[in-house]
Amino acid sequence: AENLVDQILCARRLRTAAFGPGLFSDPAWDIVLTLYRGQLRGEPVFTAQLADSASVAPGTIERWVDVLARQGLVEVQPSVSEVEGPVVELSAQGSSAMRRWLAQWLNCLCVPEPDTRLTSLLQRILDDASK
């Protein structure tokens, strides 16, 4: 799942490079993807990293993190570094939503022949989502 999330983030960066910034701006989605990748890696994600990942200003990240927190999708931990900012992580609700979305998205992919690796990954994601 981690490699898949990395590919999704890479595709989003390629889209921005091809079409320019702003046309498809969606920092909330970049934030959620980055937080899910951090969760999969077991690594904390700081607001400074989110700004870099989404290629937006720190103030924009703070506003979107507030929106996502009010929706119950993320949790913000106190700042441990003035430079990196607070740690942001997916809430249980946000993590569950990401697992469900990823499983559903994988199910929608048009694959000419069944790929046993993809089927196995989909099954693991669905198993995790049911927990």
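Residues numbered from 1 in each chain as written. Predicted model: local features only at pLDDT ≥ 70, side-chain atom pairs only at ≥ 80, totals over all residues. Heavy atoms only, no water.

Visitor: For this particular structure, what's the right way to read the overall build of the protein chain?
Guide: Check the secondary structure of the protein chain and you find 6 helices and 3 strands. The order of α-helices and β-strands along the protein chain, N terminus first, is α-α-β-α-α-β-β-α-α. The buried share of the protein chain, taken over its 131 residues, is 36%. Surface exposure of the protein chain reaches about 8,100 Å², of which carbon and sulfur atoms provide 54%. (Helix = DSSP H or I, 4+ residues; strand = E, 2+ residues; numbered from the N terminus. Buried < 20%, exposed > 50% of the residue type's maximum accessible area, 1.4 Å probe, protein only. Areas by Shrake-Rupley, 256 points an atom, 1.4 Å probe, with all protein chains shown as cover.)

Visitor: In this structure, what is going on with the environment of Q49? I would like to understand it.
Guide: When you line up the elements, Q49 lands in helix α3 (residues 47-54). Judged by relative accessible area, which is 36%, Q49 ranks as partly exposed. Here the alpha-carbon distance between Q49 and G85, two residues 36 residues apart in the chain, equals 9.0 Å.

Visitor: Got a minute to help me understand the environment of V56 in this structure?
Guide: With respect to the secondary-structure elements, V56 resides in the loop between α3 and α4 (58-70). Residue class for V56 comes out partly exposed when judged on its relative accessible area of 24%. On a C-alpha basis, the gap between V56 and P27 in space is 7.4 Å, while along the polypeptide they are 29 residues apart. Apart from the residues lying within four places of it in its own chain, the contact partners of V56 are P27, A51 and I61. (Contact = heavy atoms within 4.5 Å.)

Worth remembering: the numbers are spatial, not functional.
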